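A look at the structure
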Amino acid sequence: MSTSQNSIFELMSQSGHQNLFFCNDELVGLRAIVAIHDTTLGPAIGGVRMLPYESTEEAIEDALRLSKAITYKSAITGLNLGGGSAVIIGNSRLDKSEVLLRRLGQFIEGLNGNFIASLDVGTTQRDLEHIYTETDHVAGLPKAIHGSGVGDPSIFAAQGVYFGIKACLKELYGSENVAGKKVIVHGVGGVGERLIAMLREENARVYVSDITEEKMLKVAAKYKAEPIPYNEVFDHEFDVYSPCALGGTVNPESAQKMQCKIIAGSANNQLKDELVTSSILHERGILYAPDYLINAGALIGCYSEIQNYGVDHTEFVIKNIYNATRDVLKKSKEENISTFEAANRIAEKRIQDIKKIKR
Ligand code: NAD
């Protein structure tokens, strides 16, 4: 991509983006970009991601990709939020400071509520607190800071994945019961470990894998699960493969190789080469629960916080991920399309429908 004005506008048109805002403050060393994809459903929400991007182009592309994904995530889970994203160009360990985050807060305040900031890679709840000092347009705060704060979002993310797994089991085996089912959880961090706890509670046969061996062995021992070296996860048969580490583990090569019946996990952007990979999975009869649907628990928590609805509302909406996943699987079957395609169509239809009453 070149930075010419035309190419930026072309990129935005291709992906249906509404706005791209830039903040450059040399005094505090802030270079940030806020992308707003679509606000048909409501104000755009998005994580604040801080990464040492190698170029402005790379940062713009990330902001555009992330914000579009949030629009779809919100649409398919029935939330009234649009898709946004904020990216800060910098090293979160070295360059982050109170003043930088508060300056970002002022920038977000200037967007007049069109963008609501939440957590992403490279930011913590403490960082959100600094942003919150300058603007109210923040979600995902700790309870102690904001009355209806959601607390730890990874619990909600894990709950959504759990309901996604159950919906797939129901489709495949006629029962959502996880007892005795072989589930491999790939990545035993905040979300992965909570998911393992829920699965073990219902006597699933859990296998765990993590790039950090020590962590893998510790979690395996704690939950009586079996450890699998991270480079062997596609060498064994499982009922469910649950990617809870990084994106891209499901690619054309692994999709051909894997011996699971269901893919359902929390990692964002699990599919590499989405169209090719999703059609391989479809042809092989592997049920893929779309990541942006079943990992929406944290976003749902933020929505409850914005609306002052509280945790009961969050858990109620997260439970509905079960039905939403069933709808995707049904559409995929009826129209003989991949589940990835089916989910996109459902999300896009909701946005188009709501547009009709927002003219
Ligand atoms: P985390 O950083 O707490 O845990 C990730 C785990 O994956 C770590 O234990 C890490 O050692 C392991 N890992 C990293 N690379 C690996 C590799 N190549 N092979 C095996 N293991 C590897 O992250 P998290 O909060 O548990 O989130 C997990 C995934 O879910 C991420 O992709 C995240 O973007 C996504 N997600 C998280 C939330 C949330 O609320 N935490 C919400 C939606 C989506």
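Residues numbered from 1 in each chain as written. Predicted model: local features only at pLDDT ≥ 70, side-chain atom pairs only at ≥ 80, totals over all residues. Heavy atoms only, no water.

Named according to an unreviewed UniProt entry, the protein is Leucine dehydrogenase originating from Sphingobacterium zeae. Listed in UniProt under the heading Sequence similarities (unreviewed entry), the comment for the protein reads: "Belongs to the Glu/Leu/Phe/Val dehydrogenases family." (UniProt positions renumbered as here; feature names shortened; annotations may be inferred.)

Our focus in this paragraph is the overall build of the protein. Scanning the protein from N- to C-terminus turns up 14 helices and 11 strands. Expressed along its principal axes, the backbone C-alpha trace of the protein runs to roughly 55 × 45 × 40 Å. Going through the 359 residues of the protein one by one, you find that 52% of them count as buried. Restricting to contacts in the protein with at least 6 residues of sequence separation, those with at least 24 account for 64%. When the accessible area of the protein is evaluated, it comes to approximately 16200 Å², of which 48% is carbon and sulfur surface. Charged side chains in the protein number 38 positive and 45 negative. The centres of these two groups are separated by 6 Å. (Helix = DSSP H or I, 4+ residues; strand = E, 2+ residues; numbered from the N terminus. Buried < 20%, exposed > 50% of the residue type's maximum accessible area, 1.4 Å probe, protein only. Contact = heavy atoms within 4.5 Å. Areas by Shrake-Rupley, 256 points an atom, 1.4 Å probe, with all protein chains shown as cover. Lys, Arg positive; Asp, Glu negative; His and termini not counted. Charge placed at Lys NZ, Arg CZ, Asp CG, Glu CD.)

By size, the foremost hydrophobic cluster in this structure holds 62 residues, and its most contacted members are Ile45, Val185, Leu195, Ile196, Leu199, Val206 and Val208. Looking at which element gives the most residues to this core, the answer is helix α5 (residues 153–173), with 10 residues. Split by domain, the residues of this core number at least three in each of domain 1 (5–67 + 81–132) and domain 2 (153–350). Dropping the residues within four chain positions of it, Leu199 is found in contact with Tyr162, Val178, Val183, Val185, Ala204 and Val206. By size, the runner-up hydrophobic cluster in this structure holds 22 residues, among which are Ala44, Leu100, Leu101 and Ile108. (Core = buried A, V, L, I, M, F, W, Y, C linked by side-chain atoms within 4.5 Å. Domains from an automatic or database assignment.)

Accessible area lost during the coming together of the parts is what is often quoted as the interface size. Here the domain parsing of the protein yields domain 1 (5–67 + 81–132) and domain 2 (153–350). Relative to domain 2, the C-alpha centre of domain 1 lies at a distance of 27 Å. On the domain 2 side, the residues contacting the eight residues of domain 1 number seven residues. When the buried surface of domain 1 facing domain 2 is broken down by residue, Leu41, Ile45 and Leu81 rank first, second and third, together holding 59% of it. Joining domain 1 to domain 2, the criterion identifies zero salt bridges. Along the contact surface separating domain 1 from domain 2 lie one residue pair in polar contact (both at pLDDT 80 or more). (Buried area = accessible area lost by both parts, 1.4 Å probe. Salt bridge = Lys/Arg side-chain N within 4 Å of Asp/Glu carboxyl O. Polar contact = N/O pair within 3.5 Å; in protein donor to acceptor, adjacent residues only side chain to side chain.)

Turning our attention to helix α14 (residues 339–357). Between its first and last C-alpha, α14 extends 28 Å over 19 residues, near the 27 Å set by a 1.5 Å rise per residue. Among the residues of α14, Thr339, Phe340, Ala342, Ala343, Asn344, Ala347, Arg350 and Ile351 are the ones counted as buried. The inward-facing, buried residues of α14 contact β2 (30–38), α2 (56–76), α9 (274–284), β11 (287–288), α10 (291–294) and α13 (321–335). (Expected span 1.5 Å × (residues − 1).)

Before going further, it helps to spend a moment on the pattern of salt bridges. Close approach of charged atoms allows side chains of opposite charge to pair. Inspection of the entire model under this criterion finds 19 salt bridges. Each member of the salt-bridge network shares a partner with another, and the members are Arg49, Asp62, Arg65 and Asp120.

Around the ligand, the surrounding shell holds 21 residues, and the nearest of these are Val191, Asp210, Lys215, Ala245 and Ser266. Within the side chain of His186, an N or O atom sits 3.4 Å from a nitrogen atom of the ligand. Residue Thr212 places a side-chain N or O atom 3.4 Å away from an oxygen atom belonging to the ligand. When isolated, the ligand has an accessible area of 830 Å², and the protein chains bury 71% of it. Only α5 and α6 (190–201) provide two or more residues apiece to the shell around the ligand. Per-element accounting of the shell around the ligand gives the leading share, three residues, to α5. For the shell around the ligand, the residue count by class is 10 nonpolar, nine polar and two charged. (Near = heavy atom within 4 Å. Nonpolar A, V, L, I, M, F, W, Y, C, P; charged D, E, K, R; others polar.)

Let us now look at the sheet that holds strand β5 (residues 115–119). In spatial order, the strands read β1-β2-β4-β3-β5; together these five strands make up an open sheet with mixed pairing. Because the sheet does not close on itself, it has two edges, and the strands there are β1 (19–25) and β5. Here the strands of the sheet are splayed against their neighbours by 25° on average, with no regard to which way each runs. The pairing of strand β3 (residues 44–51) with strand β4 (residues 82–89) spans six bridges and is classified as parallel. Counted as the bridge partner of Arg49 is Val87 from β4. Strand contacts of α2: β1, β2, β3 and β4, with the helix running at about 155° to β4, the strand carrying the most contacts. (Pairing = 2+ DSSP bridges. Axes fitted to C-alpha atoms, helices over the stretch in contact; angles between N-to-C directions.)

In the contact formed by α5 and α6, the axes pass within 8 Å of each other and the chain directions differ by 50°. With respect to α6, the axis of α5 lies oblique. Of the two possible hands of crossing, α5 and α6 adopt the one that is right-handed. Two secondary-structure elements touch here, α5 through Ser154, Ile155, Ala157, Ala158, Gln159, Val161, Tyr162 and Ile165 and α6 through Gly190, Val191, Arg194, Leu195, Met198 and Leu199. Partitioning the contact of α5 with α6 into residue classes produces 10 nonpolar, three polar and one charged. (Parallel < 35°, antiparallel > 145°, perpendicular 65-115°, else oblique. Left-handed = near helix turned anticlockwise from the far one by under 90°.)

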